[in-house]
Each structure stands twice: as C-alpha cells, then as structure tokens.
Amino acid sequence: MKVRNRRLLAIMAALVAVSMIATGCGGGETTDTGEEPAAEAMAIKIGIGAPLTQGAVALGQGMKRGAGLAISQANESAEAKELGITFQAVDGDDQGDPKTGVTVANTFASDPNLVGVMGHLNSGVSIPASKVYQDNKIVMVSPASTNPALTLQGFSAVNRVCATDDVQGPVGAESAFGKLGFKSVVVIDDSTPYGEGLAAEFAKKFEELGGKVLFTEKTSDKDSDFNALVTKIKAANPDLIYYGGIYNAGAILAKQASDAGVKAPLMGGDGLYDGEYINLAGAEQAEGDFCTSIGLPVDKLPKGQEFSAAYKALFPNDEIAAYDAYSYDAANVIIAATLAVAKEMGADAVTSPEGRDAIIAAVRGFSGEGVTGPISFDENGDTTNKAITTYKVVSGAWAAEILPE
Amino acid sequence: MSSADVIIQQLMNGVTLGGMYALIALGYTLVYGILLMINFAHSEMFMGGAYVGLGMLLWLTNESFPASEFFTGSTFGLIALYVIVFAVSALAIGVLGVVIERLAYRPLRHAPRLAPLISAIGVSIFLQNAVLLWVDSKALPYPMFFPVKPAITIGGATLSTLQLLIIGTSLALLFILDTFISRTKIGKAMRATSQDREAAGLMGININYIIALAFFIGPALGAVAGVFHGMYYGTVVFSMGFIPGIKSFTAAVLGGIGNLRGAMLGGFTLGIVESLGAGFLSTGYKDVIAFGILILVLIFRPGGLLGESVVEKV
C-alpha cells in the first residue's frame, strides 16, 4: 500500500512538472498575438485588466481584442523589430470585482517584464488596483473607468483615455432635458462607484436645468429582480428612467419596465453602449432607449475606417464593442511610450526601475492622434478629449442621435 | 396608479417571487429533513434547470426543427411547448441530483457532518464552472412566447399570464408534493426515514432509494423554478443560482428547516416581505429587510415559523 502511494505521488509530481512546463509556468495566460517572438527579441509584457468571465464580459472581451490588435500591429512595425522588442499581452481576468482586480494587479506586478497595464473596465476595480500599479512602477492607462476619483489620487502612473462621469453625466442631462424634451426622471444606480457617480452627476445637472427628479433609488449590479422597483416607477409615471450602471443589469431593468407597461424610455451612460444591451433587453423593449458614450462614433473619426478594417481582418467574427477603440488607443499609448524609452535608454533598460519611471513620464507627456480622436493627458492623467455622443436604439441597433458640438 | 393599487401590485410581485422561492426551498428542506445536511449545490440545480429549459426552448422553436411551427403557431402548441420544456428540464436536473448524491454525498454519508457540506460547496463551484466553460460566460436572453399583456387587472394593478402561471404552477406542485408526502406509502417511508434513518432501515425501508428520491424531487422542483426565473426576468447567467439559492435557503430556515409546509410558508413570506420592502422603503434595502426578519425569527423562534421545538433526548 505504501509503495503504491509513493509511486502515485511520483507520477503526480511528474505530471504537475510537465503541465507547468507546458503552460509556461506563468501566473497569467499569455495571448497569442499572431506572431512567434523571435529568439533574440526581448518580450515586453502588457497586462490586459478586464472582466473576461464575469461582469460586463462583452465589454471586457472587446477590450482584450482592441488591445490585442494594437499589440499585433506593434510587433509587425519596423520600429519594434529594429529595437529587438516584441510585445506580449497577459490576460488578467478581474471579473468586474474589486478583490479579484487587486489579485490580478499583484500577479501583474510579480512579472518583471510587465511594464504597463491596459485596464481596467470598472471604476470600482481600477481604483484599488491603481495603488498596486503606482507602488510597482507599472504604468496604467484605463480605456473605460470614468469615476473622477481614479485620477484624483495623485498617482503619476495612472491615466485614462476616456472622459469622466462629471463630464458624461451633465451632457446626458443636457441631451435629455434640453434636446430630447424629458421633463421628469427617475434616477437609479447600481451601487458601484461608476453607477453612483454617473447617476449623481446626471441628477444634479437635470435639476439645475429645471427638470424634476421624482425619486432616486439604489439597486445592485448583480440584481435581476426589478419588479418591485418597476411598480414604483410605474406609480411615479416619469418621462424618463435614468440608470447609472452596466448593460447586464440595465438591460433587465429596461425589459421588465417595458413588459410591465412603463412607457418612459431608459437612458444611461457608456456602460449601456453595447449590442448586448439590446440583445438582453429584447429589440422591442430596448427600442427608443438612450445612452451617452465617450468620444465620437468610430465611423465619424478620421482613423475610424482604418481601425474597423484592421479589426475585421483580425477578428472576423466579432462586432466592435464600446471600448475596443479606446483599448486600442490605450495600448498604443503604452507601446509608444515603451518604444520611445527603449530608443533612448536601450531595450534592456525598459524593465529597470529607471526605465519604468521614464515610461510613466512618457505616457503622461504623450500627445498624438488616436482612433478615438486626439489623445493627451492633463496633470492628473485625465484625457483632454471630452467629446460625448448621445446614442439611441433605432430598429434594434445603437445609432448616434446627438453629436457633440 | 393609486397607492392601494401599488400595494396590490407589490403583493402580486411578492407572491410570484415567493412561489419561486418556495419551489427552491423545498429542495433544501427535503434533503435536510432526511440527511440533516444542507445541500449547497441546490442553487446550481436551479441554475442548471434554467439552462436546460433555455436549450429546449431554443431547440424546439428553431426553424430547422420539424415541429417548430406547431409549437409557436397556436395556443395549444405553446402549451405543449411549455409542458415539454418544464418536464424535460425537471427530469434532467432530477437525474443530475441523483447522480450527484451517488457520487459526491453517499460516499461521505458516515463521515463527520462537515465533510458532505464541503463536498456540496465543491459540487456547486464545479457545476458553475462547467456551465461557464461549456455554454458561455455572458448572460443569455431568455425567449418568451407568452403575450406580456396583463391577464388579470385589479384597479391599476395587473397580473401577467406568466405571473399567473408561476403562482398557479408553484401552488399546484406544492400541493401535490404535500399530498404525496402525507398520503402515500412512499411518503410515509420518507417521513419515517426523516425521523430515524437507522430504525427505518431496520423496518425494511430501502434508505438509499428514499434518499435518492429526495434528491430527485428537490432538484426537479428547483429546475422548474429555474425555468420560471429565466422567463420572468428574461435572462440567465451561470452565476444566477447564488442569490435565489441563499434566499430560498433562508426561506426554508424561516419556515422551519425540514418542514415542507414551513418551506412553502417561508418562501411566500420572504417574497412578499422583500417586494413590499423594496417598493416602500428602498430597493437597496430589500436584502437587509429579508435577512433582518430571518434573524428576528431565529432569535424569538429558533425552530422557524412552523418548526417543532426539539425535545432534548436524555
């Protein structure tokens, strides 16, 4: 019996060893970006922090594809080849959960070749994770976290390419009250830093403009039962329902409200701007709903067509989701900064503490044209591009309704 | 809507929700009654039922399926469709429950009481991840073929066809199960096993059969609740089982765990309290209210609403 056990143990140990070699023994999975790194090339890693299995998965997977496109293009560029650098994406599935996000951040920080993070999606995840990145000299560029608090922490390594809630919420209110003519609203949020911030900014501006907020209510981002709330909304009879939150709960609220006979459309922020919203709510129920999202529609931008074509070539089966272009831009900012530092200090110095400091400074000082418009950062790391577009569901798809002036 | 209409509407929402809680709570209470074990994988039976139902609905109404027109074309076809969907889902998940009992709980039946509990948590996580990997990680929309227009109108309050169906089906199933347990021979055997497993075995009752039966009925009812949940809220996701599972467990404890009628009473009480709390205080507080009541009941009536006070055996 004893001998058998020992043999079993040996076999198990061998199996574990083999499987560790096979998976590269890394903390995270590495994404195949199309090209095998050349033997002498130095692999610089970029973390992708996004919800990939839980939470707003459609948005998270889109972010991964956007950044993946940027990385595969960078690896084909003459500049990277000349410097002997290949970029590698490392997936970090934060599940839209702050605790998991910090674990992901620590896994990223334990990788000596990882210099930057493209992420995260949820403000609630980005804020705690950003501390880890700052402490470990990893530059972070979020494509989608819009809570103002993220960049108010005074972290030199933390940046974002999207406009904040205090820009988006008021623009939503102006669209709703001024241009679309809704006079009364019920404001609901999902109790996350993103949803709360957005809903509060919207409600403040809506009342300032002279609109009436009938009542405000908190729900949870994991809730699926809104019937009691819908009954309350029905009794209040508003012109509009404003929802601060992500599409997966927002769509269910829209569906239940519509099924219960509430005529008022639902409006939300960029968290709703995804085809999944219409898919989950049902095309009929979602028809006429609104959302605001950051920047201009991709097809209205000079580099948009080029981006769409390259995206379709690499991911023929996927639609471009809300943050794909932002993720592409965010990854490109990190790549550009890394290449600039490598050129100046040598490819080997990129991962050293000095090199990391130089990358952090280079990202903050970046200025260029992205797919989403001009990109540059202010002293807090916020984008200087503050355009917000209002979209509406028209015959089962999001269509730009009000463009920024 | 007048305020009286709002109260009636919230009560109706609560009864619908309570019907689903009661169906799930029965699974917890049946297993606990017989094995004195809390089956934490039961919330995944509920989730699995919703997925099996979704698969059936999509398959039967797909245009490539020969009889799809029959199922979506007429009222009779629709009724047939739903009967098939519920039956297949309940049967499949019932069998899954029996298999899980055989593989994960029976080998641990004589182990310390903590072991099957941990095994149940393991099964729950296993099933969640299996669905995540096999189906999809994102939420899927649930097709609804019932008209959404209200079936019953009381003042400004309305009850939809689906709500009526949920309330009716859950009450019917609860009544059938109650009759089965209290009137039939097998029901008597189940009650005997619940009272004293060893003695019941000595009297010639096949204990393994009785336990397997409990693990069939509970998950089958959970699966029905899962399909209702999918239709009512319009979406399914692999992690959907957790919150209704924990709420139904609460309902079972509230009514007195191990007591079937208690589980039903607990389910409806919880559903109504939650809806009224969400409607008149705040949606954000609905869980606080539900669990606050649980704590109060447990402090003042430790056995639950219908629980019997346990006499200390000396």
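Residues numbered from 1 in each chain as written. Chains lettered and ligands numbered in written order. Predicted model: local features only at pLDDT ≥ 70, side-chain atom pairs only at ≥ 80, totals over all residues. Heavy atoms only, no water.

As for the confidence of the model for chain B
Residues and elements named next belong to chain B.
Next, step 1: Scored by pLDDT, chain B has a mean of 90; 97% of the residues are at 70 or more.
Next, step 2: Predicted confidence in chain B is weakest over strand β2 (residues 150–154), with a mean pLDDT of 80, and strongest over helix α9 (residues 207–233), with 95.
Next, step 3: Scored as a whole, the predicted complex attains pTM 0.83, and scored at its interfaces, ipTM 0.87. (pLDDT = per-residue confidence, 0-100. Helix = DSSP H or I, 4+ residues; strand = E, 2+ residues; numbered from the N terminus.)

Comments concerning the packing of helix α2 (residues 42–61) of chain B against helix α4 (residues 75–105) of chain B
Residues and elements named next belong to chain B.
Next, step 1: Packing of α2 against α4 leaves a shortest axis separation of 9 Å and a crossing angle of 140 degrees. Our classification of the angle between α2 and α4 gives oblique. Judged by the sense of rotation from one axis to the other, the crossing of α2 with α4 is right-handed. Where α2 abuts α4, its residues Met-45, Gly-48, Gly-49, Val-52, Gly-53, Met-56, Leu-57, Leu-60 and Thr-61 lie against Leu-81, Tyr-82, Ile-84, Val-85, Val-88, Ser-89, Ala-92, Ile-93, Leu-96, Gly-97 and Ile-100.
Next, step 2: Taken together, the residues of the contact of α2 with α4 break down into 14 nonpolar, six polar and no charged. (Axes fitted to C-alpha atoms, helices over the stretch in contact; angles between N-to-C directions. Parallel < 35°, antiparallel > 145°, perpendicular 65-115°, else oblique. Left-handed = near helix turned anticlockwise from the far one by under 90°. Contact = heavy atoms within 4.5 Å. Nonpolar A, V, L, I, M, F, W, Y, C, P; charged D, E, K, R; others polar.)

Some words on the packing of aromatic side chains
Residue and element names in this part refer to chain A.
Next, step 1: Per the stated rule, a full pass over the model turns up 19 aromatic pairs over all chains.
Next, step 2: When the centroid spacing of 5.4 Å and the interplanar angle of 20 degrees are considered together, the rings of Phe-202 and Phe-206 count as stacked. Note that Phe-202 and Phe-206 are positioned in helix α7 (residues 193–208) at a spacing of four residues, about one turn of the helix. The same class applies to Phe-202 and to Phe-206, which are both buried.
Next, step 3: Chaining the aromatic ring pairs together yields one cluster made of Phe-177, Phe-202, Phe-206 and Tyr-242.
Next, step 4: Here the guanidinium or amino end of Lys-183 rests over the ring plane of Phe-177, the centre of that ring lying 4.4 Å away.
Next, step 5: Lying across the ring of Phe-215, Lys-232 places its NZ or CZ 5.0 Å from the centre. (Phe/Tyr/Trp six-rings, centres within 6.5 Å; stacked < 30°, edge-to-face > 60°. Buried < 20%, exposed > 50% of the residue type's maximum accessible area, 1.4 Å probe, protein only. Lys NZ or Arg CZ within 6 Å of the ring centre and 35° of its normal.)

Some thoughts on the sheet that holds strand β2 (residues 85–93) of chain A
Residue and element names in this part refer to chain A.
Next, step 1: Spatially, five strands are ordered β2-β1-β3-β4-β5 in an open sheet, and the strand pairing comes out parallel. At either margin of the open sheet sits one strand with a lone partner, and together these are β2 and β5 (158–160). Within this sheet the neighbouring strands show an average axis-to-axis angle of 25 degrees, counted without direction.
Next, step 2: The sheet contact formed by strand β4 (residues 139–142) and β5 spans three bridges and is parallel. By the bridge assignment for β5, Ser-142 is matched with Arg-160.
Next, step 3: On top of the sheet, helix α2 (residues 57–76) reaches β1 (42–50), β2 and β3 (114–119); it is set at about 170 degrees to β2, its chief contact. (Pairing = 2+ DSSP bridges.)

Thoughts on the side chain of Asp274(A)
Residues and elements named next belong to chain A.
Next, step 1: Within the secondary structure, Asp-274 sits in the loop between β9 (266–268) and α10 (275–281).
Next, step 2: As a buried residue without a salt bridge, Asp-274 has its nearest oppositely charged side chain in Arg-65, at a separation of 7.1 Å.
Next, step 3: In terms of polar contacts, Asp-274 uses its side chain to reach the backbone amide nitrogen of Glu-276, at 2.8 Å.
Next, step 4: If we skip the residues at most four places from it in the chain, Asp-274 touches Ala-58, Leu-59, Tyr-247, Ala-321, Ala-322 and Trp-398. (Lys, Arg positive; Asp, Glu negative; His and termini not counted. Salt bridge = Lys/Arg side-chain N within 4 Å of Asp/Glu carboxyl O. Polar contact = N/O pair within 3.5 Å; in protein donor to acceptor, adjacent residues only side chain to side chain.)

Details of the interface of chain B and chain A
Next, step 1: Across the contact, 31 residues belong to chain B and 25 residues belong to chain A.
Next, step 2: Contact with chain A buries surface across chain B, with Met1(B), Tyr233(B) and Thr283(B) losing the most and accounting together for 23% of the total.
Next, step 3: Those elements that provide at least two residues to the side of chain B that touches chain A are α1 (3–35), β1 (140–141), α9 and α11 (260–280) of chain B.
Next, step 4: Ranked by the residues each element gives to the side of chain B that touches chain A, the list is headed by α1(B), at five residues.
Next, step 5: Taken together, the residues that form the side of chain B that touches chain A break down as 14 nonpolar, 14 polar and three charged. (Buried area = accessible area lost by both parts, 1.4 Å probe.)

Focus: helix α5 (residues 123–135) of chain A
Because an α-helix packs 3.6 residues into every turn, residues spaced three or four apart end up facing the same way.
Residues and elements named next belong to chain A.
Next, step 1: Its 13 residues place the ends of α5 19 Å apart at the C-alpha level, agreeing with the 18 Å of an ideal helix rising 1.5 Å per residue.
Next, step 2: Its axis deflected by about 30 degrees at Ala-129, α5 carries its strongest bend there.
Next, step 3: Listed as buried for α5 are Ser-123, Gly-124, Val-125, Ser-126, Ala-129, Ser-130, Val-132 and Tyr-133.
Next, step 4: Packing partners of the buried residues in α5 comprise α4 (98–109), β3, β4, β5 and α7.
Next, step 5: Remark: Lys-137 follows α5 within two positions and exhibits a positive phi of approximately 55 degrees. (Expected span 1.5 Å × (residues − 1). Bend = angle between axes of the 7 residues up to and from the residue.)

Things to note about unusual backbone geometry
Residues and elements named next belong to chain A.
Next, step 1: A cis amide bond links Gly-119 with the next residue in sequence, His-120, at an omega value of -10 degrees.
Next, step 2: In this structure, Lys-137 takes a positive phi of about 55 degrees despite not being glycine.
Next, step 3: Its place among the elements puts Lys-137 in the loop between α5 and β4.
Next, step 4: Phi is positive for Asn-237, close to 50 degrees, though the residue is something other than glycine.
Next, step 5: Within the fold, Asn-237 resides in the loop between α8 (227–236) and β8 (240–244).
Next, step 6: For Asn-237, a relative accessible area of 59% translates into the label exposed.

Remarks on the pairing of strand β13 (residues 388–394) of chain A
Residue and element names in this part refer to chain A.
Next, step 1: Counting buried positions over the seven residues of β13 gives five, a clear majority of the element.
Next, step 2: In the sheet, strand β10 (residues 290–294) pairs with β13 via five bridges, with the strands oriented antiparallel. Each bridged residue has a counterpart across the sheet, and for Phe-290 the counterpart in β13 is Lys-392.
Next, step 3: Judged from the five bridges that link them, β13 and strand β14 (residues 397–402) form a sheet pairing that is antiparallel. Bridging across to β14, Lys-392 finds its partner in Ala-399.
Next, step 4: Counting the residues that bridge the hairpin from β13 to β14 gives two residues, and of these Ser-395 lies at a positive phi of roughly 40 degrees.

Some remarks on the pattern of salt bridges
Residues and elements named next belong to chain A.
Next, step 1: Scanning all chains against the criterion turns up 22 salt bridges over all chains.
Next, step 2: A salt bridge links Lys-137 to Asp-357; the nearest nitrogen and oxygen atoms lie 2.9 Å apart. A residue pair is termed long-range when its members are at least 10 positions apart, and Lys-137 in the loop between α5 and β4 and Asp-357 in helix α14 (residues 353–364) qualify at 220 residues.
Next, step 3: The closest approach of N and O atoms between Lys-204 and Glu-201, which form a salt bridge, is 3.9 Å. Of this pair, Lys-204 and Glu-201 are both found in helix α7, three residues apart, which corresponds to roughly one turn of the helix.

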